[in-house]
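Take a look at the letters that make up each chain.
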Amino acid sequence: MPYGGGMTTHADGQQKTKEPAPSHARQWLAAVLLAAVLATVLLVTMWPVPVDSGYSGSIDKLLAVLHRNGVPTWFGYNRLEFTANILMFIPLGFLVALLLTQRLWWLALIICPAFSVLIELTQAVFLAARFATVSDVISNSTGAFIGIFFAVLVRAAVYQRDQKVIARAFWQREASR
């Protein structure tokens with residue numbers, strides 16, 4: 001039997017297929033990945049000093065390369081940091097939305113920005129060398145929203161695929177009778 005389903009015999013002598021056990025592999029994978037993403041985000045954001053301190057020369061070189069290759073000169077350090085924050089939170093939003101149930105995915109729209117606010121408040125209160133800013137909350141939330149959007153798209157695609165698989169299985173079952 002596919003998916004680990006088995007046969008059972010009922011009191012009336014009919015054999016019926018047992019419902020397959022649900023697979024939790026995707027949830028486990030998403031949970032492990034979320035733990036890794038959370039660890040990375042917390043390491044980057046809760047480090048006692050900004051993670052880019054001491055790298056201004058390298059950042060300037062990176063920006064010079066970008067500018068030579070067509071990136072407008074108005075894209076400087078602040079925009080680079082804003083973009084990096086967006087990119088850092090995309091996987092967070094994606095994984096949080098995937099781990100929540102299909103009915104509760106929208107809570108990721110609250111959880112991720114709240115997490116960003118918590119990070120910024122922690123920096124403001126406990127990390128004197130860090131700078132808590134509203135723009136960080138905006139960029140982090142934007143990244144999370146992008147990730148959540150992709151999670152919703154993935155769920156919709158998987159749902160459509162599952163509906164086709166189920167419909168085909170019913171069709172094959174009826175055709176074989």
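1. Let's talk about the overall build of the protein
(1) Moving on: The number of helices and strands found in the protein is 5 helices and 2 strands.
(2) Moving on: Scanning the protein from its N terminus toward the C terminus, one meets helices and strands in the order β-β-α-α-α-α-α.
(3) Moving on: What you see for the protein is a C-alpha radius of gyration of 24 Å, clearly larger than the 16 Å of a compact globule of 177 residues, by over 25%.
(4) Moving on: Taking the principal axes of the C-alpha coordinates as reference, the protein spans close to 80 × 40 × 25 Å.
(5) Moving on: Expressed as a percentage of the 177 residues in the protein, the buried residues total 25%.
(6) Moving on: Here the contacts in the protein between residues at least 6 apart in sequence split such that 62% fall between residues at least 24 apart.
(7) Moving on: Accessible area of the protein: about 12,400 Å², with a carbon and sulfur share of 68%.
(8) Moving on: The averaged location of the 9 negative side-chain charges in the protein is 10 Å from the averaged location of its 14 positive side-chain charges.

2. Thoughts on helix H1 (residues 25-46)
(1) Moving on: End to end, H1 covers 31 Å across 22 residues, agreeing with the expected 32 Å (1.5 Å per residue, within 8%).
(2) Moving on: Every buried residue belonging to H1 is among Ala30, Leu34, Val37, Val41 and Thr45, and all of these are buried. Along the axis of H1, the buried residues cluster in a sector spanning 70 degrees; they form a single face. Seen from the buried face of H1, the exposed residues on the opposite side, beyond 90 degrees, are Trp28, Leu29 and Val32.
(3) Moving on: Contacts from the buried residues of H1 go to helix H3 (77-99) and helix H4 (108-126).

3. With respect to the packing of H1 against H4
(1) Moving on: Closest axis-to-axis distance for the H1/H4 pair is 10 Å, and the angle between their directions is 30 degrees. On the basis of their axis angle, the class for H1 and H4 is roughly parallel. Here H1 and H4 pass one another in a crossing that is right-handed. Along the contact surface, H1 presents Leu38, Val41, Leu42, Thr45 and Met46, while H4 presents Phe115, Ile119, Thr122 and Gln123.

Parameters at a glance
- Residues numbered from 1 in each chain as written.
- Predicted model: local features only at pLDDT ≥ 70, side-chain atom pairs only at ≥ 80, totals over all residues.
- Heavy atoms only, no water.
- Helix = DSSP H or I, 4+ residues; strand = E, 2+ residues; numbered from the N terminus.
- Rg over C-alpha atoms; globule rule 2.2 N^0.38 Å.
- Buried < 20%, exposed > 50% of the residue type's maximum accessible area, 1.4 Å probe, protein only.
- Contact = heavy atoms within 4.5 Å.
- Areas by Shrake-Rupley, 256 points an atom, 1.4 Å probe, with all protein chains shown as cover.
- Lys, Arg positive; Asp, Glu negative; His and termini not counted.
- Charge placed at Lys NZ, Arg CZ, Asp CG, Glu CD.
- Expected span 1.5 Å × (residues − 1).
- Arc of directions from axis to C-beta.
- Axes fitted to C-alpha atoms, helices over the stretch in contact; angles between N-to-C directions.
- Parallel < 35°, antiparallel > 145°, perpendicular 65-115°, else oblique.
- Left-handed = near helix turned anticlockwise from the far one by under 90°.

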